[in-house]
Each structure stands twice: as structure tokens, then as C-alpha cells.
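# Fold and geometry: a report
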Amino acid sequence: VRESRGAVIGTTLRVTMREDRIVSAPPSADPPPIEPDAKDWTWVLDRPCPECGFDAATVAREAVADLLRANADSWAELLAGEPAALGTRPRPDVWSPLEYACHVRDVFRIYDERLELMLTEDGPHYPNWDQDETALIDGYHRADPRAVAADLVAAATLLADRFGAVAGGQWERTGYRSDGAAFTVESFARYFIHDPVHHLHDVGAAP
């Protein structure tokens, strides 16, 4: 569930993986790029997702932090599997479990930055994040699964703690995606948590 790349406003933000997190591989091992997902997924705030079954509208805002921690534990368990299997794509045009995990780790980092903006600035516009460019430049397919697991859990913990500290009127603070989509902290939390849950479904793992 990658956010729309249309109507970009502001600068592009890219998460860069540390060089020591990448396992070298010959250029011939590089898989083909994935076609960008240009859909606007904000509709998940209003109705259940027909693909993964998650119903964000029924999620209590206070529950998001615990859901996030549980989700991160599921990814860590998945990443403890056989590295070769984790790095294998089911189809050339579908990310491998390892690539999805790298994406989820970076989603946690980006949403932590966006939540901090919403809590400290009035009506901020988030810098656009080109997720597909990040996957290519940072070499998701060459990552070390154990390092990804550690970084994913660390990023999830920071974000869960930040969500867990939100109180009172802070839930109504606003922020805007680069394509103009508007969120309160509450809708942002419910919209966000669908993403890592959906991606567990994508890789065939239980939430």
C-alpha cells in the first residue's frame, strides 16, 4: 500500500539505508523495478479493505500503539526465516518478503517524522516520500534480514511510544500529505496502521 505519487507538493524525502546494512550483490542479481502504486488508499478510513480484511474505522485510536508493537513482532518473526526464501519474489513484479519488510521499516520511520510534525507544527505539509525510488536506491533486495528486523522493531518502538503519548486535543491536530490529503492525528493513526497489517497479508503472514 504505497501512497499516491501524483500532485506532489514540496520537496522529496528519501530514507537512506546505512551502507553497512546492505549486502553486496552483482548487478545481474538486481530484480526489475516494481510498477509504482498510484492509488489513493485513504478510502480505508471509511470501509474495510477487501484484500486484507482490516477495518480501520473500528480501530480505537488508543489501540494503535499496541497494534504497531504486535505487528513489528510479526515482522521480526518472519525475518528470522531462511534468507534465500525471504529474498525470493513470488513474481518478478511483486516484492519479496524482505523487500516488503524494508518498506515497512521505512514506513515506520517516515510516519514517526510526520507524527512529530503534526504534534509540533500547525497544519504541516509532509515532504513527499518516493517509496519506489527508495527501494531501488537503497537496494532493498540486498538487505540483511537480521539487520532489517532489528531496525524495524526499533523504528516501530519509537513510533508506538509517540502514538502512546498522544492525549486530549492532540488527536485533533492536523497535517497534510503532499497530494493535499488531510488528516487529524486520529485519522492518521488509523490510516497508518492499515499499511503494515496489509503488507503482512501481502507476504502471507498472520497479523
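Note: the structure precedes this text.
The following paragraphs examine the structure supplied in this document. Since this is a predicted model, take the numbers as computed values, not measurements.

The rules we used
Think of each chain on its own: its residues are numbered from 1, step by step along the sequence as written. Local features are withheld for residues below a pLDDT of 70 in this predicted model, meaning they are given only at 70 or higher, and side-chain atom pairs are given and counted only at 80 or more; totals for whole chains, interfaces and linings count all residues. By convention in this description, side-chain values take in all heavy atoms of the structure and omit both hydrogens and water. Each helix corresponds to a stretch of at least 4 residues labelled H or I by DSSP, and each strand to a stretch of at least 2 residues labelled E; elements are numbered beginning at the N terminus. For a helix, the expected span equals 1.5 Å multiplied by the number of residues minus one. Only protein chains enter the accessibility calculation, which uses a 1.4 Å probe. A residue is then buried if its area is under 20% of the maximum for its type, exposed if over 50%, and partly exposed in between. A contact between two residues is defined here by any heavy atoms of the two lying within 4.5 Å. Buriedness for pockets is judged along seven lines, at least five of which must meet protein on both sides within 12 Å for an open set on the 1 Å grid over protein atoms alone, while cavities are sets there where a 1.4 Å probe fits but cannot get out, and lining residues have an atom within 4 Å of a point. Grid points are joined across faces, edges and corners, and a volume is the space filled by probe spheres set on the points. Lys, Arg, Asp and Glu make up the charged group, whereas Ala, Val, Leu, Ile, Met, Phe, Trp, Tyr, Cys and Pro make up the nonpolar group; the residues left over, Gly among them, are polar. Inter-axis angles, ranging from 0 to 180 degrees, are taken between N-to-C directions of lines fitted to C-alpha atoms, where helices are fitted over the stretch in contact. For classification purposes, an angle smaller than 35 degrees is called roughly parallel, one larger than 145 roughly antiparallel, one from 65 to 115 roughly perpendicular, and anything else oblique. Counting of polar contacts relies on pairs of N or O atoms within 3.5 Å, with two restrictions inside protein: one atom must be capable of donating a hydrogen and the other of accepting it, and residues adjacent in sequence are counted only when both atoms are side-chain atoms. Think of a salt bridge as a Lys or Arg side-chain nitrogen and an Asp or Glu carboxyl oxygen that are within 4 Å of each other.

So, on to helix 5 (residues 145-164). The terminal C-alpha atoms of helix 5, which comprises 20 residues, lie 28 Å apart, in line with the 28 Å expected from a rise of 1.5 Å per residue. Taken as a whole, helix 5 has its buried residues at P145, A147, V148, A149, D151, L152, A155, A156, L159, A160 and F163. Looking at the buried positions of helix 5, the neighbouring elements they touch are helix 1 (64-78), helix 2 (83-86), helix 3 (97-120) and helix 6 (185-202).

Attention now moves to the layout of surface pockets. A water-sized probe, rolled over the atoms, reveals where empty space remains. Within this model, the second largest pocket holds a volume of roughly 170 Å³. If you go around the second largest pocket, you meet 14 residues; those closest to its centre are P33, I34, R89, A135 and L136. When the residues that make up the lining of the second largest pocket are grouped by side-chain class, the tally is nine nonpolar, one polar and four charged.

What follows covers the packing of helix 3 against helix 6. Following both chains from N to C, one finds helix 3 and helix 6 inclined at 175°, their axes separated by 11 Å at the closest point. When the axes of helix 3 and helix 6 are compared, the pair comes out roughly antiparallel. The residues of helix 6 that touch helix 3, namely those facing Y100, H103, V104, V107, F108, Y111, R114, L115, M118 and L119, are V185, F188, Y191, F192, D195, P196, H199 and D202. Here the residues of the contact of helix 3 with helix 6 sort into 13 nonpolar, two polar and three charged.

This part takes up the environment of D40. Looking at the element boundaries, D40 is found in the loop between strand 1 (12-13) and helix 1. Accessibility expressed as a relative area gives 37% for D40, which makes it partly exposed. Note: C-alpha distance between D40 and D179 (139 residues apart in sequence) is 9.6 Å. At a separation of 3.0 Å, a polar atom in the side chain of D40 contacts the side chain of T42.

We now examine the pattern of salt bridges. When the charged atoms of two side chains with opposite charge come close together, those side chains can pair. Taken as a whole and assessed by the stated rule, the structure comprises 15 salt bridges. Note that R162 and D112 form a salt bridge whose closest N and O atoms lie 2.6 Å from each other. Of this pair, R162 sits in helix 5 while D112 sits in helix 3; the two residues are 50 residues apart in sequence, bridging distant segments of the chain. Overall, the relative accessible area of 11% leaves D112 in the buried class. With its nearest N and O atoms 3.1 Å apart, the salt bridge here joins R173 to D122. Residue R173 is located in the loop between helix 5 and strand 3 (174-176), and its partner D122 is located in the loop between helix 3 and strand 2 (128-129); the two are separated by 51 residues in the primary sequence. Judged by relative accessible area, which is 24%, R173 ranks as partly exposed. Three or more residues joined by partner-sharing salt bridges are found here, namely R61, E62, E172 and E186.

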